[in-house]
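This is what each chain is made of:
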Amino acid sequence: MNIYQPHLVRISEIVDETPDTRTLRLAFKDDTLASTFDFKAGQFGEYSVFGWGECTFCIASSPTRKGTIECTFKAVGKATRAMRELGVGDEMGFRGPYGNAFPLDRMEGASLVFIAGGIGLAPVRCVIWNALDLREHFKDVTIVYGARTVSDLVYKRELAEWQSRPDVKLWQTVDPGGETPDWAHEVGFVPPIVEKAAPAAKDAYAIVCGPPVMIKYTLPVLAKLGFPDDHVYTTLENRMKCGIGKCGRCNVGPVYVCKDGPVFTAAELARLPQEY
Amino acid sequence: MRTSTISHEQLAALLADLVAAGTTVIAPTRAERGHVDYRPVSSLAEVDLGGAMPRRSLKELFLPPTEPLLAWQYRQDGVEISEVATAFPPRVVLGARPCDAAGLVAVDRVMDWDYHDQLWFGRRAATTIVSLVCSAVDSSCFCRAVGLAPDTTRGADILLRPTASSFLVEVITEKGEALVAAHPNRFKSAPEPLVSQDTVDRAGSGPRAPSPAPLPLPEIRSWLETHFEHPIWKELALRCHGCGACAAVCPTCHCFDIVDETEGVTHGTRRRNWDTCQTGRFTIHASGHNPRADQTARIRQRVMHKFAIYPAKFGETLCSGCGRCARECPAGMDLPEILALLTTLATAPAQRTEVVA
């Protein structure tokens, strides 16, 4: 099998997260692979609909949940629109896992602060479940999640679950004007809500994912709260084709996002040219 | 290194032997309008041994401009994928430019970077490269500038060095050794004394210009690593059309795209096609955000990748000094000239800053 050839996966479940965002649960067609496939939180893959091409997303499910993988996507391009046309039982291609991962080993024994905006919760959700499935390995778990409007919040069932868990502090927020009359949570952009939540920086790591503008204004807040920039992690979402360091597309300064990333610390990010 | 000689007659006979045995022999040939290209040949008479630079590099023999990665077929109960072959029939390249052979080694590093590209290396393994010491340096050539030479053995399995009456045969690799061993009667083992580099430079015919002296590549790299922002990038971009001709003819540019091409309702192929960082859509995100939105960023990327990014990863330069980018550029962009400018900046930055300001 050459390195560009995908595994066949079958859609076993479809969840519409928002009007334009969908989650697919994918089961490997090959039984051996289904039982042996392993990855680390933060890694990504190349998903494809034959005839429409490949697209790159993180694996949104946790590596602690074996047997299937999940991806969450918006239909914005040719391949993602084709993916949206597929139904349960249809077959797709998947190559991966690729790239580095969030170093959960390094974070063991520490508190975790997850900060996400919009569909940026997908890669973070993978780490959240990974951490919650190993809950005793970590101290406090805080999640700050925001979207433009209430209907843009993804993983709503899981948000409800995290909200009700005593061992998780969840802050949900929507942008001003995005709230509904019965919205019982925060209204405001993510960075000020992070400031309000004020998670303790001592022995803590932050994992931040979302639109560039959210990341841009969240990093100074974390710095102000006392998070050292090598305790703040994010993922870059550059355009990719091969995913394995050949095609040259995701090269940003000295790094290839697909091989050296997609996970970077804020300290590493600060050293990169602004080409992401 | 084993050295022997081969006469023109025996070289012609060797080529005929290979072709007769079903081996594809690829060599520089002069085609219509005087262009020289690497093409399959059946006799030495077709081969241009004068040292003229083929228009395109050897790259396309290993990374074709377009090639299938897999084929799919939709069936009643799902998708069926057919693999593409990763084993290839034997080939010999006769009369490769040493800079082209050296360029392949640079791409080898990328194609073997943790993930081993079986399509690239399948063709590499099947191909024996017989380089011919370069005897026709033109004003765009700059192999010496990037630390190579007209007789570099890098990437060659065998190096032929022309002498007055025949060729000295330097066997470089086991693959080269196998070619000689399979055709013992074609080679004469009594070696003539090795000619010096000076003799080589005088030996050929054709246009003549001194290949630029070796550049301070480490200094250029350090300068690039600290000058992501500098007026030179805008200056260069103002001349660049962003057409990507430089990347197409480059022996080391290897970026590609992966696309699906349907060949009917139910089947088609996934292909990889050459691509280049010089076009605007290369880096555009699904959101519409484009990290390299203008030519200033894109021309910088090309120079940075070759002389800073790749060297940082693989310890070498992603350029073999063939000069094709300078020859083919419709806007007269000249990489040797750009490198000379970078050398000035890297070694005397104060002076240049004044000029720009």
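These figures come from a predicted structure and were not determined experimentally.

Caption draft 1: Geometry of the overall build of chain A. If you tally the helices and strands in chain A, you get nine helices and 15 strands. For 276 residues, the compact-globule estimate of 2.2 N^0.38 gives 19 Å, and the C-alpha radius of gyration of chain A, at 18 Å, lies within 12% of that figure. Taken along its principal axes, the extent of the C-alpha atoms in chain A is 50 × 45 × 35 Å. Of all 276 residues assigned to chain A, the portion counted as buried reaches 51%.

Caption draft 2: Broad picture of the domain arrangement of chain A. Residue and element names in this part refer to chain A. The domains assigned to chain A are domain 1 (7-98) and domain 2 (104-235). Centre-to-centre, using C-alpha coordinates, domain 1 lies 24 Å away from domain 2. With 16 residues of domain 1 at the interface, the matching set in domain 2 holds 15 residues. The set of elements that each furnish at least two residues to the side of domain 1 that touches domain 2 consists of β1 (7-18) and β5 (68-74).

Caption draft 3: Summary view of the sheet that holds strand β11 (residues 267-274) of chain B. Residue and element names in this part refer to chain B. If you trace the four strands from one edge of the open sheet to the other, you get β5-β4-β11-β10, paired in antiparallel fashion. Strands with a single pairing partner mark the edges of an open sheet, and in this sheet they are β5 (78-83) and β10 (256-262). Sheet twist, expressed as the average angle between the axes of neighbouring strands with direction ignored, equals 25°.

Caption draft 4: Structural view of the environment of Ala346(B). All names here are of chain B. Locating Ala346 in the fold gives a position in helix α12 (residues 335-347). Along the sequence, Ala346 and Pro336 sit 10 residues apart, while their C-alpha atoms lie 15 Å from each other. Apart from residues no more than four positions distant in its own chain, Ala346 is found in contact with Pro216, Glu219, Ile220, Ser222 and Trp223.

Caption draft 5: Inspection of the pairing of β10(B) at higher detail. Residue and element names in this part refer to chain B. Here β10 runs beside β11; their pairing, made up of seven bridges, is antiparallel. Bridging from a neighbouring strand, Thr262 pairs with Gly268 of β11. Taking the residues that link successive antiparallel strands as the turn, the β10-β11 hairpin has four residues, and the phi of Gly264 there is positive, at about 130°.

Caption draft 6: Inspection of the nonpolar core at higher detail. Core analysis: the largest hydrophobic core is formed by 174 residues, its most contacted members being Phe114(A), Ile115(A), Val127(A), Ala206(A), Ile207(A) and Ile158(B). It is helix α3 (residues 98-111) of chain B that contributes the most residues to this core, eight residues altogether. Apart from the residues lying within four places of it in its own chain, the contact partners of Ala206(A) are Val113(A), Ile115(A), Leu222(A), Phe227(A), His231(A), Val232(A) and Tyr233(A).

Caption draft 7: Broad picture of the pairing of β5(B). Residues and elements named next belong to chain B. With six bridges joining them, strand β4 (residues 66-75) and β5 adopt antiparallel strand pairing. Across the sheet, Arg75 pairs through a bridge with Gly78, a residue of β5. Turn length for the β4-β5 hairpin, with the two strands adjacent in sequence and antiparallel, is two residues.

Caption draft 8: Up close: the packing of helix α7 (residues 217-226) of chain B against α12(B). Residues and elements named next belong to chain B. Contact geometry for α7 and α12: axes closest at 9 Å, N-to-C directions at 80°. By the angle between their axes, α7 is roughly perpendicular relative to α12. Where α7 abuts α12, its residues Glu219, Ile220, Ser222 and Trp223 lie against Leu342, Thr343, Leu345, Ala346 and Thr347. Here the contact of α7 with α12 is built from residues that sort into five nonpolar, three polar and one charged.

Caption draft 9: Just the confidence of the model for chain A, in detail. Looking at chain A, pLDDT values average 96 and 100% of them are 70 or higher. When the elements of chain A are averaged for pLDDT, helix α1 (residues 31-36) of chain A gives the smallest value, 94, and strand β9 (residues 169-174) of chain A the largest, 98.

Caption draft 10: Examining the confidence of the model for chain B more closely. All names here are of chain B. A residue-level look at chain B finds 91% of positions with pLDDT of 70 or above and a mean pLDDT of 90. Under a pLDDT of 50 for its full length, residues 196-208 has, in the predicted model, 22 contacts with residues more than four places off or in other chains. Taken over the whole predicted complex, pTM reads 0.92, whereas the ipTM for its chain interfaces reads 0.93.

Caption draft 11: Looking closely at the environment of Ala267(A). Residues and elements named next belong to chain A. Tracing the backbone through its elements, the reader meets Ala267 in helix α9 (residues 266-271). As a C-alpha pair, Ala267 and Asp230 span 37 residues in sequence and 5.3 Å in three-dimensional space. If sequence neighbours within four positions are ignored, Ala267 has contacts with Asp229 and Asp230.

Caption draft 12: Structural view of the sheet that holds strand β8 (residues 158-162) of chain B. Residue and element names in this part refer to chain B. The seven strands are arranged β1-β9-β8-β7-β6-β2-β3 in an open sheet whose pairing can be described as mixed. Strands with a single pairing partner mark the edges of an open sheet, and in this sheet they are β1 (3-7) and β3 (36-41). Going from strand to strand, the sheet's axes swing by 25° on average, the running direction of each strand aside.

Caption draft 13: Structural context of the domain arrangement of chain B. Residues and elements named next belong to chain B. Domain assignment breaks chain B into domain 1 (3-203) and domain 2 (217-356). The straight-line distance from the C-alpha centre of domain 1 to that of domain 2 is 26 Å. If you look at the interface, domain 1 gives 33 residues, while domain 2 gives 30 residues. Mapped onto the side of domain 1 that touches domain 2, the elements with two or more residues apiece are β4 and α3. The element best represented in the side of domain 1 that touches domain 2 is β4, accounting for nine residues. Considered class by class, the residues forming the side of domain 1 that touches domain 2 number 20 nonpolar, six polar and seven charged.

Caption draft 14: Structural view of the packing of helix α6 (residues 190-197) of chain A against helix α7 (residues 212-225) of chain A. Residues and elements named next belong to chain A. α7 packs onto α6 with a crossing angle of 25° between their chain directions and a minimal axis gap of 8 Å. Of the possible angle classes, the one that applies to α6 and α7 is roughly parallel. For the crossing formed where α6 meets α7, the hand is right-handed. Mapping the contact onto sequence places Val190, Pro191, Val194 and Glu195 in α6 and Met214, Tyr217, Thr218 and Val221 in α7.

Caption draft 15: Representation of unusual backbone geometry in the model. All names here are of chain A. In this model, Gly96 is joined to Pro97 through a cis peptide bond whose omega is 0°. Inspection of the secondary structure assignment puts Pro97 in strand β6 (residues 91-98). Between Gly261 and Pro262 the backbone carries a cis peptide bond, its omega angle lying at 10°. With respect to the helices, strands and loops of the structure, Pro262 is situated in the loop between α8 (257-260) and β15 (263-265). Not every positive phi belongs to a glycine, and Tyr155 is a case in point at roughly 55°. Positive phi, normally seen in glycine, also occurs at Asp203, with a value near 50°. Within the secondary structure, Asp203 sits in the loop between α6 and β11 (204-209).

Caption draft 16: Quick look at α6(A). Residues and elements named next belong to chain A. Listing the buried residues of α6 in full gives Val190, Pro191, Ile193 and Val194. When α6 is viewed along its axis, its buried side chains cluster within an angular range of 160° and face the same direction. Residues of α6 that are buried in the fold lie against β7 (111-117), β8 (141-147), β9, β10 (186-187) and α7. Taken from the residues just after α6, Ala198 is the one with a positive phi, measuring 40°.

What counts as what
Residues numbered from 1 in each chain as written. Chains lettered and ligands numbered in written order. Predicted model: local features only at pLDDT ≥ 70, side-chain atom pairs only at ≥ 80, totals over all residues. Helix = DSSP H or I, 4+ residues; strand = E, 2+ residues; numbered from the N terminus. Rg over C-alpha atoms; globule rule 2.2 N^0.38 Å. Buried ≥ 20, exposed ≤ 12 C-beta atoms within 10 Å, placed from the backbone. Domains from an automatic or database assignment. Contact = placed C-beta atoms within 7 Å. Pairing = 2+ DSSP bridges. Axes fitted to C-alpha atoms, helices over the stretch in contact; angles between N-to-C directions. Core = buried A, V, L, I, M, F, W, Y, C linked by C-beta atoms within 7 Å. Parallel < 35°, antiparallel > 145°, perpendicular 65-115°, else oblique. Nonpolar A, V, L, I, M, F, W, Y, C, P; charged D, E, K, R; others polar. pLDDT = per-residue confidence, 0-100. Left-handed = near helix turned anticlockwise from the far one by under 90°. Arc of directions from axis to C-beta.

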